[in-house]
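Read off the chains here:
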Amino acid sequence: MTGSGVWPATARERPDGDVSVGGVRLTAVAQRFGTPAHVLDEEDVRRRCRAFRRAFPDGEVAYAGKAFLCRAMARWIAEEGLSLDVCSAGELAVARAARFPGERMLMHGNAKTPEDLRAALDHGVDRIVVDSFHEIARLAALAPDTARPRLLVRVTPGVDGRTHAAVTTGTDGQKFGLSLASGAAAEAVRRILAQRRLDLVGLHCHLGSQITDVDAFERAARRMVAFLARIRDEHGVVPPRLDLGGGFGVGYRDGEPGLDPATLGDRLRGAVREACAGHRLPAPLLTVEPGRAIVARAGVTVYRVVSVKHAPDGRLLVAVDGGMSDNPRPGLYGARYEARLVGRRCLGGDRAAAVVGRHCEAGDVLVGDARLPADVRPGDLLAVPCTGAYHHSMASNYNLVPRPPVLAVRDGGVRPLVRRETFDDLLTRDVG
Ligand SMILES: Cc1ncc(COP(=O)(O)O)c(C=O)c1O
Ligand SMILES: N[C@@H](CCCC[NH3+])C(=O)O
């Protein structure tokens, strides 16, 4: 397990079949906090922050809070010297509650509401990434007399990152960004430069999520630099910032490819440097926005087995006490995971098994092709690794199941970051 790509950095297998993370046994977590539970390895998060900072030594690394955000996470990010990308007034409220510095924040969103924009302006968010002509007009109207909002234009560069269609955002015809090919991005630049109340500080692009093809990021970088050169030629100004977004893929199962931050940093910085030299442009201040690559592998979800059935094809159907409400990714993207027994040794051989959830849908399958001990039984604990990103942040209350807690582990201690929801939580919002 140590050194395996999908478990947190501090995960260790114990001789008795238990697994510890951050020096804390998962059986002890389950006993004290119940199941399902999301366990987050603080050390793993911090190490990945540092790896990204080393990979972009003269650039900015902005953690994408949509992957997972709570006050503690915002504090870790701040302490590690990263910036923060928020995409709603809600994420901004959490960042503010953690006293995350406004000058290291940027706001995204294809449909930021006036409330989102006002919150960003009121709270000194350093940059807003503009995603439509309407937003430019709205910001010009909202801008205070005292400070010009600093804007990036989100450009759709026409580069396909070859990932799942639902998270592909670098090509024309999807909802994000302003197209380079159609001239919409150039028109957005013109409109912002024509507004004395607004300050164009750079360009942004984001190809999508869970991308493992570095060439695609390099192609996008070259197109963005060429666009900076066109802006210079047309307007005589060079916006100083270039934000190449996030989307850096991770392996969810042992042996699957993921992007190494050092290689990514070398190649992206090299592509930008060469393209700038070719266009005789000064090097821009580079930003990248990793979300998943920072927090995915820090997370492990612990479930308890509720029942076991035998399918006609010989597979075990192992039902657990969570499911698509704490992990919607298999249903949404066909995402595939590993699962393992924790807390006792496997006595006989293993069997093909599907780990299925508790929800009222046949498609609620967490791991369709697991291998589990032939004697797996109710009461056993299963752990699913690589669940730190887009799990708790995308969790729902389907079937009115309360959302699980997020528990930070470090140096042998465990600390709740987000408590488990209760039936009272569900009932207090039901005001009819
Ligand atoms: C603008 C923007 N930046 C960064 C991210 C983070 O993506 P990931 O978690 O794949 O790194 C996203 C989500 O895809 C995004 O929309
Ligand atoms: N929710 C997606 C990623 C979306 C990225 C947000 N822009 C996933 O789990 O893969």
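Up top is the structure these notes are about.
Residues numbered from 1 in each chain as written. Chains lettered and ligands numbered in written order. Predicted model: local features only at pLDDT ≥ 70, side-chain atom pairs only at ≥ 80, totals over all residues. Heavy atoms only, no water.

Caption draft 1: View of the environment of valine 45. Residue placement: valine 45 occurs in helix 2 (residues 42-55). In sequence terms valine 45 and tryptophan 76 are 31 residues apart; their C-alpha atoms lie 8.2 Å from each other. Each residue touching valine 45, except ones within four places of it in the same chain, is listed here: Leu40, Met73, Trp76, Ile294, Val295 and Ala298. (Helix = DSSP H or I, 4+ residues; strand = E, 2+ residues; numbered from the N terminus. Contact = heavy atoms within 4.5 Å.)

Caption draft 2: Main features of the site of ligand 1. Ligand 1 sits among 17 residues. The nearest are His206, Ser209, Glu289, Arg292 and Tyr390. Between an oxygen atom of ligand 1 and a side-chain N or O atom of histidine 206, the distance comes to 2.7 Å. Serine 209 places a polar side-chain atom, nitrogen or oxygen, 2.4 Å from an oxygen atom of ligand 1. Its free accessible area being 390 Å², ligand 1 has 93% of it covered by the protein chains. Using a 2 Å cut-off from the grid points, one finds that ligand 1 occupies the largest pocket. Across the shell around ligand 1, the residue classes tally to four nonpolar, eight polar and five charged. (Near = heavy atom within 4 Å. Polar contact = N/O pair within 3.5 Å; in protein donor to acceptor, adjacent residues only side chain to side chain. Areas by Shrake-Rupley, 256 points an atom, 1.4 Å probe, with all protein chains shown as cover. 1 Å grid on protein atoms, 1.4 Å probe; cavity = no way out; pocket = protein on both sides within 12 Å on 5 of 7 lines; lining within 4 Å. Sits in = over half its atoms within 2 Å of the grid points. Nonpolar A, V, L, I, M, F, W, Y, C, P; charged D, E, K, R; others polar.)

Caption draft 3: View of the packing of aromatic side chains. According to the stated counting rule, one finds three aromatic pairs in the structure shown. Pairing phenylalanine 52 with phenylalanine 248 gives two aromatic rings, centres 5.9 Å apart and planes at 25°, and the pair type is stacked. One end of the pair, phenylalanine 52, is in helix 2; the other, phenylalanine 248, is in the loop between strand 12 (241-243) and helix 9 (261-279), and 196 residues separate them in sequence. Residue phenylalanine 248 is classed as buried on the basis of its relative accessible area, which comes to 2%. Among the aromatic residues, those joined into a cluster by ring pairs are Phe52, Phe217 and Phe248. A cation over an aromatic ring shows up here: arginine 191 above the ring of phenylalanine 133, its NZ or CZ 4.1 Å from the ring centre. (Phe/Tyr/Trp six-rings, centres within 6.5 Å; stacked < 30°, edge-to-face > 60°. Buried < 20%, exposed > 50% of the residue type's maximum accessible area, 1.4 Å probe, protein only. Lys NZ or Arg CZ within 6 Å of the ring centre and 35° of its normal.)

Caption draft 4: Here's a closer look at the pattern of salt bridges. Going through the model one piece at a time under the given rule, you end up with 37 salt bridges. A salt bridge links glutamate 13 to arginine 340; its shortest N-O distance comes to 2.9 Å. Taken as a pair, glutamate 13 in strand 1 (residues 12-13) and arginine 340 in strand 16 (residues 340-342) lie far apart in primary sequence, 327 residues in all. Judged by its relative accessible area of 18%, arginine 340 is buried. One salt bridge connects arginine 197 with aspartate 145, and the closest N-O pair in it is separated by 3.3 Å. Residue arginine 197 is found in the loop between helix 7 (184-193) and strand 11 (199-204), and its partner aspartate 145 is found in the loop between helix 6 (133-142) and strand 9 (150-156); the two are separated by 52 residues along the sequence. Linked by salt bridges that have partners in common, Glu42, Arg46, Arg50, Glu79, Glu80, Arg410 and Asp411 make up one network. (Salt bridge = Lys/Arg side-chain N within 4 Å of Asp/Glu carboxyl O.)

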